[in-house]
Amino acid sequence: MTSKLKTDVLETVSGSGTIALTNQLSGMTTASLPALTAAQMPSGSLLQTVQAVMTSAWSATTTTLVPVGLTVAITTVSANSKILVRCAFRAQMTNGVNKGGHFVLRSSLDNYASNLTGSVMINDWGGWNQEAGALEYLHTTSAASGSTITYKLYGGDERFGSSLYINDNWGYNNVESRITAQEIKT
């Protein structure tokens with residue numbers, strides 16, 4: 001059973017006036033509701049998500065940290081947002097006893113000079129080790145609305161200069177690494 005309430009006029013609580021309802025809701029649909037802007041969203045709201053996927057293999061033999069080719073760029077829609085960056089990848093090292101490479105995230109906001117996170121270690125104890133790496137960092141920025149920030153994964157074996165590999169799965173298919181950036185309203 002459907003109920004209907006029919007009225008032409010509502011009186012205010014104080015009784016000082018009336019509210020006319022004639023055709024006020026006529027033709028309204030969910031599509032006609034206004035969308036909230038980033039400025040209207042409450043603190044902690046997820047404003048956007050951007051993701052990049054790397055399917056090609058990468059390798060380097062280096063004693064310095066170098067970009068591995070896994071990069072994501074996000075253009076902020078709100079000033080002073082926080083950016084949650086997550087990176088998942090598959091890494092290996094060459095043979096060699098007691099060698100270890102590591103991977104870090106860096107930001108263009110810091111001119112790629114400083115690490116955003118601690119490192120993920122990939123250790124090799126005398127064989128080809130294949131490990132899943134994962135990094136996550138909540139980056140508090142001072143970027144203005146409309147600023148583009150790029151995040152890159154860097155890797156290297158600064159101590160021994162071992163060869164490191166990303167997405168090298170010994171000829172098997174469907175190996176990929178991902179980096180995701182999510183803007184969160186402060």
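Residues numbered from 1 in each chain as written. Predicted model: local features only at pLDDT ≥ 70, side-chain atom pairs only at ≥ 80, totals over all residues. Heavy atoms only, no water.

Caption draft 1: Local environment of the overall build of the protein chain. A tally of regular secondary structure across the protein chain gives zero helices and 12 strands. Along its sequence from the N terminus, the protein chain presents helices and strands in the succession β-β-β-β-β-β-β-β-β-β-β-β. Taken over 186 residues, the protein chain has a buried fraction of 37%. Within the structure as shown, the protein chain displays about 10800 Å² of accessible surface, and the carbon and sulfur contribution to it stands at 51%. (Helix = DSSP H or I, 4+ residues; strand = E, 2+ residues; numbered from the N terminus. Buried < 20%, exposed > 50% of the residue type's maximum accessible area, 1.4 Å probe, protein only. Areas by Shrake-Rupley, 256 points an atom, 1.4 Å probe, with all protein chains shown as cover.)

Caption draft 2: Quick peek at the environment of Ala 143. Position of Ala 143 relative to the elements: it lies in the loop between strand E9 (130-140) and strand E10 (148-156). We classify Ala 143 as buried; its relative accessible area is 6%. Remark: the alpha-carbon pair of Ala 143 and Thr 76, spanning 67 residues in sequence, is separated by 7.7 Å. Not counting chain neighbours up to four residues away, the residues in contact with Ala 143 comprise Ser 78, Ala 79, Asn 80, Leu 109 and Ile 149. (Contact = heavy atoms within 4.5 Å.)

Caption draft 3: Spatial organisation of the pairing of E10. Of all nine residues in E10, seven are buried, a share of seventy percent or more. As paired strands, strand E5 (residues 66-75) and E10 are joined by seven bridges and run antiparallel to one another. Its bridge partner being in E10, Thr 75 is matched across the sheet by Thr 148. (Pairing = 2+ DSSP bridges.)

Caption draft 4: Layout of the nonpolar core. With 27 residues, the main nonpolar core has Phe 89, Phe 103, Tyr 151, Leu 153 and Ile 179 as its most contacted residues. Secondary structure elements with two or more residues in this core: strand E3 (46-54), strand E4 (58-61), E5, strand E6 (82-93), strand E7 (97-107), E10, strand E11 (163-166) and strand E12 (177-184). The element that contributes the greatest number of residues to this core is E6, accounting for six residues. (Core = buried A, V, L, I, M, F, W, Y, C linked by side-chain atoms within 4.5 Å.)

Caption draft 5: Local environment of the pattern of salt bridges. Under the definition given, this model contains two salt bridges. Residues Arg 86 and Glu 136 are paired through a salt bridge, measuring 2.8 Å at the closest nitrogen-oxygen approach. Here Arg 86, found in strand E6, pairs with Glu 136, found in strand E9; they are 50 residues apart in sequence, far enough to count as distant. A residue is classified by how much of its surface remains accessible, and Arg 86, at 37% relative accessible area, is partly exposed. Close ionic contact of Glu 176 with Arg 178 constitutes a salt bridge, the shortest N to O distance being 2.3 Å. Overall, Glu 176 belongs to the partly exposed group, its relative accessible area being 36%. (Salt bridge = Lys/Arg side-chain N within 4 Å of Asp/Glu carboxyl O.)

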